[in-house]
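Listed below are the residues making up each chain.
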Amino acid sequence: MQPLASISSLASGGQRSAGWQAQLRVDFVVNKVTQTHRGQTEEQIKQALTDQLRVFGVVPNQKQMAIYAQAISALPQFPPTTGR
C-alpha cells in the first residue's frame, strides 16, 4: 500500500498511483466498520463492508473483504457505554 500523500503534494498536483481514491474509500469504510461491527460474524461484517463500499461507488474485491472481515471479527467488542 502506498503511503498517503501530504496535503501540499495534493495541492500542487503531486504524483499519485492509479486507484488512490478507491483505496482511500476502502480505508475509510474498513475503519468505520471496525468501529461498529467488531466481534460480529464474518458474514455480517462482509455484508456491511460491501454495502458501505457500494455507497461510495467502489466495487469490493470479495477476497479482500473476506480478509478484512476475518480480522474485524477477531477483535473484541467494545464494552457497552453507560449513559451519562
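Procedures and definitions
Residues numbered from 1 in each chain as written. Predicted model: local features only at pLDDT ≥ 70, side-chain atom pairs only at ≥ 80, totals over all residues. Heavy atoms only, no water. Helix = DSSP H or I, 4+ residues; strand = E, 2+ residues; numbered from the N terminus. Buried < 20%, exposed > 50% of the residue type's maximum accessible area, 1.4 Å probe, protein only. Areas by Shrake-Rupley, 256 points an atom, 1.4 Å probe, with all protein chains shown as cover. Core = buried A, V, L, I, M, F, W, Y, C linked by side-chain atoms within 4.5 Å. Contact = heavy atoms within 4.5 Å. Polar contact = N/O pair within 3.5 Å; in protein donor to acceptor, adjacent residues only side chain to side chain. Phe/Tyr/Trp six-rings, centres within 6.5 Å; stacked < 30°, edge-to-face > 60°. Axes fitted to C-alpha atoms, helices over the stretch in contact; angles between N-to-C directions. Parallel < 35°, antiparallel > 145°, perpendicular 65-115°, else oblique. Left-handed = near helix turned anticlockwise from the far one by under 90°. Nonpolar A, V, L, I, M, F, W, Y, C, P; charged D, E, K, R; others polar.

Section: the overall build of the chain
Part 1: A count of helices and strands for the chain gives four helices and zero strands.
Part 2: Going residue by residue from the N terminus, the α and β elements of the chain occur as α-α-α-α.
Part 3: By the burial criterion, 24% of the 84 residues in the chain qualify as buried.
Part 4: Accessible surface, the chain: about 6300 Å² in total, of which carbon and sulfur atoms supply 55%.

Brief notes about the nonpolar core
Part 1: By size, the foremost hydrophobic cluster in this structure holds twelve residues: Val26, Val29, Val30, Val33, Ile45, Ala48, Leu49, Leu53, Val58, Met65, Ala69 and Ile72.
Part 2: Elements with a contribution of two residues or more to this core: α2 (20–37), α3 (42–55) and α4 (62–73).
Part 3: If near-sequence neighbours (up to four positions away) are discounted, isoleucine 72 is found in contact with Val30, Val33, Thr34, His37, Arg38, Gly39 and Ile45.

Some words on the side chain of histidine 37
Part 1: As for its placement among the helices and strands, histidine 37 is situated in helix α2.
Part 2: Histidine 37 gets classed as buried once you look at its relative accessible area, which sits at 18%.
Part 3: Here threonine 36 takes part through its side chain, which lies 2.6 Å from a polar atom of the side chain of histidine 37.
Part 4: The contact partners of histidine 37, leaving out residues within four places of it in the chain, are Gln44, Ile45, Ala48 and Ile72.

Some points on the environment of isoleucine 72
Part 1: Along the chain, the position of isoleucine 72 falls in helix α4.
Part 2: A C-alpha to C-alpha distance of 7.5 Å links isoleucine 72 and histidine 37, two positions 35 residues apart in sequence.

Details of the packing of aromatic side chains
Part 1: Tallied over the full model, the rule gives one aromatic pair.
Part 2: The interplanar angle of 75° and the centroid separation of 5.6 Å between the aromatic rings of phenylalanine 28 and phenylalanine 56 together place this pair among those described as edge-to-face. Pair noted here: phenylalanine 28 is in helix α2 and phenylalanine 56 is in the loop between α3 and α4, with a separation of 28 residues, a long-range link.
Part 3: A residue is classified by how much of its surface remains accessible, and phenylalanine 56, at 35% relative accessible area, is partly exposed.

A word on the packing of α3 against α4
Part 1: Where α3 meets α4, the closest approach of the two axes is 8 Å, and the angle between their N-to-C directions is 125°. For the element pair α3 / α4, the angle class is oblique. The crossing of α3 and α4 is right-handed. Across from Glu42, Ile45, Lys46, Leu49, Thr50 and Leu53 in α3, the residues of α4 making contact are Gln62, Met65, Ala66, Tyr68, Ala69, Gln70, Ile72 and Ser73.
Part 2: Tallied by class, residues from the contact of α3 with α4 come to eight nonpolar, four polar and two charged.

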